[in-house]
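# Architecture and fold: a report
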Amino acid sequence: MFSASASNMQVTAGEQFQVTFTLSGGSLKQYKDFRQPDLNTSFLTLAGPSTSQSMQWINGKTSTSISWTYILQPRNAGQFTIQPATIVYDGAVMKSNPMIIKVVNAAPGVKQQQQQQKAQEDKAVNVELGDNLFIRAIVDKRTVYMGEPILVTYKLYSRVTFQVNNIAKIPRMVGFWSEDIETPSQVRPEVENYNGKQYETFLLRKVVYFPTQAGELSIDPFEINCTIQVRQKRKSGDDFFDRFFSDPYFDSHKNVQKSLLTEKIPIHVKALPEDGKPESFRGAVGSYSMRTTLDRGTLKANEPATLLVTIKGEGNLKLLEEPALNLPTGIEHYDPKITEDIVRSSGRITGSKAFEFVLIPRFPGKLEIPPVAFSYFDPETKKYVTLTSPAYTLDVKEGDQQSASSGTAQSGIRMRAKDLHPLKAPDTFGRASSAPVSPLSMFLLYLLPVALTAGALVYKKRWDRIHGDVTGLRMRRSTRIAEKHLSKAKGFLQKNAIDAYYLEIARALWGYVQNRLAMPTSDTSVQNVVEHLTARDVYVGVVLKVQGALTATDEARYSPTRATEGEMRGLYDKAKEAIVSMEQALKG
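Residues numbered from 1 in each chain as written. Predicted model: local features only at pLDDT ≥ 70, side-chain atom pairs only at ≥ 80, totals over all residues. Heavy atoms only, no water.

Along the backbone of the protein chain there are 10 helices and 31 strands. Burial statistics for the protein chain: of 588 residues in total, 37% are counted as buried. Sequence separation of 24 or more characterises 73% of the internal contacts of the protein chain that already satisfy a separation of 6 or more. Carbon and sulfur atoms make up 52% of the accessible area of the protein chain, which amounts to about 34,600 Å² in all. (Helix = DSSP H or I, 4+ residues; strand = E, 2+ residues; numbered from the N terminus. Buried < 20%, exposed > 50% of the residue type's maximum accessible area, 1.4 Å probe, protein only. Contact = heavy atoms within 4.5 Å. Areas by Shrake-Rupley, 256 points an atom, 1.4 Å probe, with all protein chains shown as cover.)

So this is what it looks like as structure tokens:
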């Protein structure tokens, strides 16, 4: 039997209560994968889970049980449902019963008394702690260029007995892209001297932030909840007795809940310089190298060749865009296949990102592939760097279509040969078995090659015009690319791969906006998108819808609590609706 219970089903706002999940039965041979529901949506988890086991011998049979207990505090008044917990027992998944907790506001007098008591406790805790327990956000730099990484290390400093209950608030990063570098599964202490005192320090998290817009930004506080053991002095009312028992050995101790916060971190983000910005720059910031390879130099028309562009280095590799290809007329290519190999360690993000382009030459001849250019801004030297690949030559032979045409022609000659018969004597001439080809059919047969040639020329001119307009091609493909990312996002959601789901939503929405508005990554921000749409006289309702979707997408990944499945699906619908509305508005 797997059940849930609460110490009180009706509590007062601010009052602490316990919730316990218990697995009981004859003999607990095997259990695993205990998973509690999300308790932080409506409540604040002050402590837990604490685990206990018991065993009883009743009428010659052994009965055992195991329980997980949490100490909760309501966030607001109202009626809230604690969803079932799950556990796997002997291969089967079991669920506990749901519980409804009613939270009421305290009476005015009681509420005032509770507030006074809490204020006294907080004052006593602050006096007891002093500077003996706190957390710091250690920043490696506070002035950076847009796209330059900022390493923030969150550490806890302690000289008292404490227990970390949970992370109450993860910083919201408006204007930043973040990557977790290190989050220890087991927090281990190290000794460190700080401000002339010796502390036990505990690494909580290392995060790299990449600013995505220029200006005065800030990283919000990081907050955790702790349980602290505070000493309470004995007070008997007898001064002689109190002086006699002034030794701390006779004091009692009380566990008190305490929230620890870091300070808000101001960050000054400088815009990338316009002076010297190359045309091939697409927002990359860091330090990189590039390598290109072409798998074949000789091939037939309509056969594929693969151009592999690999970029290695240090920076925000996930947001690197593929280099632009300046291909000659007659070579068709598709969106590249992208593979990543990213390493996060020692406060750095390094690795490689490979773009695999498939090239298909449509006509025979010697075709030259111009050098591929990739540019990035190096914040160390404060200069732009352009990497250039060698040029490649494709020797394109006659393709399969030409061979097929020759074969067809030879086959036609052989068929016509069968229609020739030896001449007979005049008296044996007779009427042909079938009517000769009509003049109209002969005229159409002569006209057909001319029509095919004219159609091919029109198609080639249109192909050249479309593929020569890189910006226009990017705008036309924007919706199709967004649909691909949304489809991937739906698959990740079904697999419960939440981080990958949010990443694909962001790629779909932000990628569509960048492509559709022909905006470079370095200039893309919510404010700039709104300004572009407003300048195009897009209806204000559509502008607000796009703005809301972009903001919600950025915030979803960094929410302090995990969103429900309904909320995550709602983000998908919001992004898709914003893309459809914006597309209709720009076309209309």
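Turning next to unusual backbone geometry. Phi angles above zero are rare outside glycine, and Asn 302 is one such case at about 75°. Structurally, Asn 302 can be placed in the loop between strand S23 (298–300) and strand S24 (305–315). Asn 302 gets classed as partly exposed once you look at its relative accessible area, which sits at 29%. A positive phi angle, close to 65°, is found at Asn 496, a residue other than glycine.

This next bit is on the packing of aromatic side chains. The tally for this structure, following the rule as stated, stands at 20 aromatic pairs. Between Phe 2 and Phe 34, the aromatic rings sit 6.4 Å apart at their centres with planes inclined by 90°, giving edge-to-face as the arrangement. Within this pair, whereas Phe 2 is found in strand S1 (residues 2–6), its partner Phe 34 is found in strand S4 (residues 31–35), the two being separated by 32 residues in sequence. Ring pairing ties together the aromatic residues Phe 2, Phe 21, Phe 34, Trp 68 and Tyr 70, which thus form one cluster. (Phe/Tyr/Trp six-rings, centres within 6.5 Å; stacked < 30°, edge-to-face > 60°.)

What links the strands of a sheet is backbone hydrogen bonding, and the strands pair in either a parallel or an antiparallel sense. Strands sit in the order S23-S31-S28 across an open sheet of 3 strands; the sheet is mixed. Only two strands of the sheet have a single neighbouring strand rather than two, namely S23 and strand S28 (365–369). The mean angle between the axes of side-by-side strands here comes to 30°, regardless of whether they run parallel or antiparallel. Of the pairings in the sheet, the one linking S23 to strand S31 (residues 392–397) comprises 3 bridges and is parallel in character. (Pairing = 2+ DSSP bridges. Axes fitted to C-alpha atoms, helices over the stretch in contact; angles between N-to-C directions.)

This part takes up the packing of helix H8 (residues 526–535) against helix H9 (residues 540–556). In contact at an axis separation of 10 Å, H8 and H9 are set at 165° when each is read in the N-to-C sense. Here H9 runs roughly antiparallel to H8, going by the angle between their axes. Classified by chirality, the crossing of H9 by H8 is right-handed. Contacts between H8 and H9 involve Val 526, Val 529, Val 530, Leu 533 and Thr 534 on the former and, on the latter, Val 543, Val 546, Gln 547, Leu 550 and Thr 551. Each residue belonging to the contact of H8 with H9 can be placed in one class, and the counts come to 7 nonpolar, 3 polar and no charged. (Parallel < 35°, antiparallel > 145°, perpendicular 65-115°, else oblique. Left-handed = near helix turned anticlockwise from the far one by under 90°. Nonpolar A, V, L, I, M, F, W, Y, C, P; charged D, E, K, R; others polar.)

If you trace the 3 strands from one edge of the open sheet to the other, you get S12-S21-S18, paired in mixed fashion. If you trace the sheet from one side to the other, it starts and ends with strand S12 (143–145) and strand S18 (215–219), each paired once. Sheet twist, expressed as the average angle between the axes of neighbouring strands with direction ignored, equals 35°.

Packing of helix H6 (residues 478–494) against helix H7 (residues 498–516) brings their axes to within 8 Å, and their N-to-C directions diverge by 170°. Taken together, H6 and H7 sit at an angle that is classed as roughly antiparallel. Every residue of H7 that contacts H6 at Ser 478, Thr 479, Ile 481, Ala 482, His 485, Leu 486, Lys 488, Ala 489, Phe 492 and Leu 493 is listed here: Ala 500, Tyr 501, Glu 504, Ile 505, Arg 507, Ala 508, Tyr 512, Asn 515 and Arg 516. Grouping the constituent residues of the contact of H6 with H7 by class yields 11 nonpolar, 4 polar and 4 charged.

With that settled, the discussion passes to H8. Of the positions making up H8, those classed as buried are Val 526, Val 529, Val 530 and Leu 533. For H8, the arc enclosing every buried residue in end-on projection is 100°, short of the 170-degree limit, so these residues lie on one face. Facing away from the buried side of H8 by more than 90 degrees, the exposed set consists of Gln 527 and Ala 535. Considering only its buried residues, H8 is in contact with H7, H9 and helix H10 (565–587). Among the residues trailing H8, Asp 537 stands out with phi positive, at a value near 60°. (Arc of directions from axis to C-beta.)

This next bit is on the environment of Pro 211. Inspection of the secondary structure assignment puts Pro 211 in strand S17 (residues 197–211). Measuring from C-alpha to C-alpha, the distance between Pro 211 and Gly 147 comes to 5.2 Å, with 64 residues separating the pair along the chain. The contacts of Pro 211, once residues within four sequence positions are left out, are Val 144, Tyr 145, Met 146, Gly 147, Glu 148, Ile 150, Gly 175, Phe 176, Leu 217 and Val 269.

To continue, consider empty space enclosed by the protein. Applying the stated criterion to the full structure yields 2 cavities of 30 Å³ or more. Split into classes, the residues belonging to the lining of the largest cavity amount to 4 nonpolar, 2 polar and 3 charged. (1 Å grid on protein atoms, 1.4 Å probe; cavity = no way out; pocket = protein on both sides within 12 Å on 5 of 7 lines; lining within 4 Å. Points joined across faces, edges and corners; volume = space filled by probe spheres on them.)

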